[in-house]
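# Working through the structure, step by step
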Amino acid sequence: MSHPSPEACATCPAHHLGNLQKLGVDMTGHDYVVALAGNPNTGKSTVFNALTGLRQHTGNWPGKTVTRAEGAFASGDKRYKLVDLPGTYSLLSASLDEEVARDFVLFGQPDVTVVVVDATCLERNLNIVLQVLEITDRVVVCLNLMDEARRRGVVVDDRRLARDLGVRVVPTAARYGEGLPELMTAIAEVARGEVRGRAHGIGERSPALQRAVSRLSDGVRRLVPDLPNAAWVALRLLDGDERIQSALARGELGDLHVPTVGETRPPLVAPPTGEVEALIRLASELRWQVGADFHQSLMEAIYTEAARIADRAVSRDGVAKRFDVDRAIDRLVTSRVWGVPLMVLMLAVVFWLTIAGANVPSAMLASVLLDWAHPLLKGAADAVMPWWLSGLLVDGMYLATAWVISVMLPPMAIFFPLFTMLEDFGYLPRVAFNLDRTFRRVGAHGKQALTMAMGWGCNAAGVVAARIIESPRERLIAIITNNFALCNGRWPTQILVASIFVGGVAPAHLAGMVSALAVVGVAVLGVVLTFVTSWVLSRTVLRGEVSAFSLELPPYRPPRVFATLYTSLIDRTLYVLWRAIVFALPAGALIWLVSNVPWGDVSMAEALIHWMQPFGGLIGLSGVILLAYVVAIPANEIVVPTILMLTVLVSRVHGVGGGAGVMFELDSAADTAALLRGSGWTLLTAVCLMLFSLVHNPCSTTIFTIWKETRSVKWTTLSALLPVVMGFLLCFVVAQSWRLVAG
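The structure contained in this document is the topic of the report that follows.

Criteria and thresholds
- Residues numbered from 1 in each chain as written.
- Predicted model: local features only at pLDDT ≥ 70, side-chain atom pairs only at ≥ 80, totals over all residues.
- Heavy atoms only, no water.
- Helix = DSSP H or I, 4+ residues; strand = E, 2+ residues; numbered from the N terminus.
- Contact = heavy atoms within 4.5 Å.
- Core = buried A, V, L, I, M, F, W, Y, C linked by side-chain atoms within 4.5 Å.
- Buried < 20%, exposed > 50% of the residue type's maximum accessible area, 1.4 Å probe, protein only.
- Pairing = 2+ DSSP bridges.
- Right-handed = clockwise from strand over helix to strand, strands pointing away.
- Salt bridge = Lys/Arg side-chain N within 4 Å of Asp/Glu carboxyl O.
- Phe/Tyr/Trp six-rings, centres within 6.5 Å; stacked < 30°, edge-to-face > 60°.
- Lys NZ or Arg CZ within 6 Å of the ring centre and 35° of its normal.
- Axes fitted to C-alpha atoms, helices over the stretch in contact; angles between N-to-C directions.
- Parallel < 35°, antiparallel > 145°, perpendicular 65-115°, else oblique.
- Left-handed = near helix turned anticlockwise from the far one by under 90°.
- Polar contact = N/O pair within 3.5 Å; in protein donor to acceptor, adjacent residues only side chain to side chain.
- Expected span 1.5 Å × (residues − 1).
- Patch = residues over 30% accessible without salt bridge, like charges linked within 9 Å, V, L, I, M, F, W, Y side chains within 5 Å.
- Areas by Shrake-Rupley, 256 points an atom, 1.4 Å probe, with all protein chains shown as cover.
- Arc of directions from axis to C-beta.
- Disulfide = S-S within 2.5 Å.

### Side note on the overall build of the protein
A tally of helices and strands in the protein yields 29 helices and eleven strands. Excluding contacts between residues fewer than 6 apart, the proportion of contacts in the protein whose partners are at least 24 apart in sequence is 75%.

Next up, the structure:
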């Protein structure tokens, strides 16, 4: 098998179609595939969005929990598939993100790999460029954020950089569309084979390391004669990379060549097992000869080379030092005195905008879906169906789904865009920076601060956000404890109960403030429980060493409002809402059935409430509340309507609500207060309900998401049962202490 020369097929696609299919990339209707790589916070997503526009979609890599974004663009008469790889600082496969990015560049063999670098900190970004060049020479460097560089007086000689790297370098400011036509031209030229890069070796390696790489490279070439990057494979074998060992043993590395015209790729032929095992043993022996600091010396060589190249390409324009806005803001938002208070204030503003802004659209949706559409559908169904089928479909399944949509959609449609704009602006990494020390003290990861903040919008989204944590152990801690973040589905319960009962014991002019402080107190208790539970988990079932991580504080940038609205609404809001609807339909059916199916002389719901009442009373709650949390597990948004419906059902109140199994809310807080107090609710009931609303099992959408992320019944079960057991214990202690003090 021979490696074809560039002239053999100048315009043939270089990508490996079979491997791309295994990686989940469909090339139907596309001529070339382009990989987009780079460090986080280099504007890589901005480049991706600018090239693809709205022609993109997201999903997961096969068998992974790492998100993949794909898009398409056209240049001339050719169509290009653009795959946005996870943002990473290296390709050494130390994390799942790095493994995904490395495997795509190596085994997918994209026709072009575009590496996006930040022009303001070129030295640090060249690290990944050099690692990509060790794998492939079909590279274009996108020198992004040139606008930021000009603002800071940084001058980058892109021609010098291109000569030193041996590949095309295109300066861009993707946010403003600057340089994008030139970038598309460069991609097309490399894809068609009109421009080819040259191999770039890393010098300054220790003599022992160079000898080890040389010996292993010879062995690799004997097994795979035409492998173009044998030295890089030797380094990965020396580092004990199991994925590369497996690829060598199965013959995958021998399949990495560009076919000539009319050639089809032959089936995989594995090298002799004995020779592969001997080479792996040799790599292990040489690793000890190189020394324990092998990995450190390897990275030092890469960073030394990056520093050398950056030093030749970067200069200052000689202007007087200007006022640095970013540094001035960071002195304030990351200071030990003001950082945390400002963070709390910022999140409070986001919550206030979410809650206040959602009132009107929620009321409008409720008016359409509940007040107008429900009676209309009920009347039509009653005319053609038996009462029980009409009740099951309309009063049960439709009503629960309509309630979830009207209560859940507006807050998420406000919170997620606001959260994403804070991310775009560059503030969220500062939140992680401010809380990193606290999370490390409890054995968790600093990035858990971001997943907790996302959980305040939706716990399911917070669980998905835990993908940013590289350590599997610390990712599990973030997932299990995310339920203690008070999601927007639980705020209505907190606000209603606090307004009626907690605010009711305060003077009229202080009632609003006291109610608000009570709700804030519950949210703060959730943060405390997050820290405490993380500390316990990290010292018991998830014992381990806290991992170190690099947290880059990106420059502050104006948020991209329209792109933010699109991505947050499609990727987060509608994604989570759809999962909630899927679970709301059967929940609505269950609520209607337990309220209408007889059990002796009463309904099944009444029988269950009477059975649960002793335990509910013991912990300061009631049988009605416990049953409501059981049947309303798909969404916290329907807990209050379910409680009111069950209260009317068990109290035999006439003229209130729409009948058994029909969820409702009353028009005024005074009417709600009268109904609840009339059924035996007290201030203790309200306090325990607020606590249990914080510390109880996740909704079914979140439970399903936990299972999807962990693929583990064990951790999903623990995530579901741990908070509800903690909630029972907390309510029991509060109730018994209250009764002991009150007599």
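Next comes the rest of the write-up.
### Considerations on the nonpolar core
Within the largest apolar cluster, 108 residues are counted, with the highest numbers of intra-cluster contacts made by V431, W456, L621, L646 and M690. A per-element tally of this core places helix α15 (residues 387-425) first, with eleven residues. If sequence neighbours within four positions are ignored, M690 has contacts with Q494, V497, A498, V502, A518, V519 and V522. One finds L130, L133, L223 and I302 within the second-largest nonpolar core, a separate group that totals 71 residues.

### Considering unusual backbone geometry
Look at L145: it is not a glycine, yet its phi comes out positive at around 60 degrees. Tracing the sequence through the fold places L145 in the loop between β6 (139-144) and α5 (146-151). We classify L145 as buried; its relative accessible area is 8%. A positive phi is found at R711, a non-glycine position, where the angle reads about 55 degrees. Within the secondary structure, R711 is located in the loop between α28 (700-710) and α29 (713-742).

### Observations regarding the environment of S622
Of note, S622 is situated in the loop between α23 (604-618) and α24 (623-631). Taking C-alpha positions, S622 is 9.4 Å from L689, a pair spaced 67 residues apart along the chain. Setting aside residues up to four positions removed in sequence, S622 forms contacts with Q613 and G616.

### What about the pairing of β6?
Within β6, six of the six residues are buried, which leaves it mostly tucked inside the rest of the structure. Pairing analysis gives six bridges linking strand β5 (residues 112-118) to β6, with the strands arranged parallel. Each residue of the ladder has a partner; that of V116, found in β6, is C142. For the handedness criterion, the β-α-β arrangement of β5, helix α4 (residues 122-135) and β6 is classed as right-handed. Inspection of the sheet shows β6 paired to strand β8 (residues 168-171) by four bridges, in the parallel sense. Residue C142 lies in a different strand from β8, and its bridge partner there is V170.

### Describing the pattern of salt bridges
According to the stated counting rule, one finds 17 salt bridges in the structure shown. For R151, the salt bridge is made with E148, and the minimal N-O distance between the two is 2.7 Å. Here E148 and R151 lie together in helix α5, a separation of three residues that amounts to about one turn. E148 gets classed as buried once you look at its relative accessible area, which sits at 6%. Across the pair R168 and E189 runs a salt bridge whose closest N-O atoms are separated by 2.5 Å. Of this pair, R168 sits in strand β8 while E189 is found in helix α7 (residues 180-191), placing the two residues 21 residues apart along the sequence. Here the salt bridges do not stand alone but share partners, grouping R102, D103 and R243 into one network.

### Overview of the pairing of strand β4 (residues 78-84)
Burial analysis of β4 places five of its seven residues in the buried class, which makes it a mostly covered element. Inspection of the sheet shows strand β1 (residues 32-38) paired to β4 by five bridges, in the parallel sense. What sits directly across from V34, in β4, is L82.

### Digging into the packing of aromatic side chains
Summed over all chains, the structure comprises twelve aromatic pairs. With a centroid separation of 5.4 Å and an interplanar angle of 25 degrees, the aromatic rings of Y32 and Y80 are classed as stacked. Of this pair, Y32 sits in strand β1 while Y80 sits in strand β4, placing them 48 residues apart in sequence. Just as Y32 is buried, Y80 falls in that class too. Pairing F615 with F728 gives two aromatic rings, centres 5.1 Å apart and planes at 85 degrees, and the pair type is edge-to-face. Linking F615 in helix α23 with F728 in helix α29, this pair joins segments that are 113 residues apart in sequence. The exposure class assigned to F615 is partly exposed, which follows from its relative accessible area of 38%. Chaining the aromatic ring pairs together yields one cluster made of F615, Y629, F692 and F728. The ring of F501 has R677 sitting right over it, with the charged end atom 5.0 Å from the ring centre.

### Structural notes on the packing of helix α25 (residues 639-651) against helix α26 (residues 669-678)
Two numbers describe how α25 lies on α26: the axes approach to 10 Å, and their chain directions differ by 50 degrees. Comparing the axis directions of α25 and α26 gives the class oblique. As α25 packs across α26, the resulting crossing turns out to be left-handed. Between α25 and α26, the residues in contact are L644, T647 and V648 and T672, L675 and L676, respectively.

### So, the environment of E474
For E474, the location among the structural elements is in helix α19 (residues 472-481). Distance from E474 to S538, taken between C-alpha atoms, is 8.2 Å for residues 64 residues apart in sequence. At 3.4 Å, the side chain of E474 and the side chain of R473 are in polar contact.

### Observations regarding α29
Compared with an ideal rise of 1.5 Å per residue, which puts 30 residues at 44 Å, α29 spans 43 Å between its outermost C-alpha atoms and is within 8% of the ideal. Taken residue by residue, α29 has W715, T716, S719, A720, P723, V724, G727, C731 and A735 as its buried positions. Lining the buried residues of α29 we find α19, α23, α27 (683-694) and α28. Looking at where α29 begins, the residue whose side-chain oxygen comes 3.3 Å from the main-chain nitrogen of K714 is S712.

### With respect to a nonpolar patch on the surface
Side chains of V520, V524, V528, V532, W535 and V536 sit close together on the surface and give an oily, nonpolar patch of about 500 Å² of accessible area. For V536, the location among the structural elements is in helix α21 (residues 511-538). Note on V536: relative accessible area 37%, which makes it partly exposed.

### A few points about helix α11 (residues 273-290)
If you check α11, its first and last C-alpha atoms are 26 Å apart, about what 18 residues at 1.5 Å a residue would give, namely 26 Å. Listed as buried for α11 are V276, L279, L282, A283, L286 and V290. The buried residues of α11 all sit within an arc of 120 degrees when viewed along its axis, so they share a single face. The exposed residues of α11 that point more than 90 degrees off its buried face are T273 and W288.

### Quick look at the side chain of H696
As for its placement among the helices and strands, H696 is situated in the loop between α27 and α28. For H696, the side chain forms a polar contact with the main-chain oxygen of S693, separated by 3.0 Å. The contact partners of H696, leaving out residues within four places of it in the chain, are N483, R490, Y629, N636, P723 and V724.

### A short note on the state of the cysteines
On inspection of all chains with the given rule, the structure shows zero disulfides. Left unpaired, C458 is separated from the closest cysteine sulfur, that of C699, by 6.4 Å. The buried category is assigned to C458, whose relative accessible area is 8%. When its relative accessible area of 15% is taken as the criterion, C699 is described as buried.

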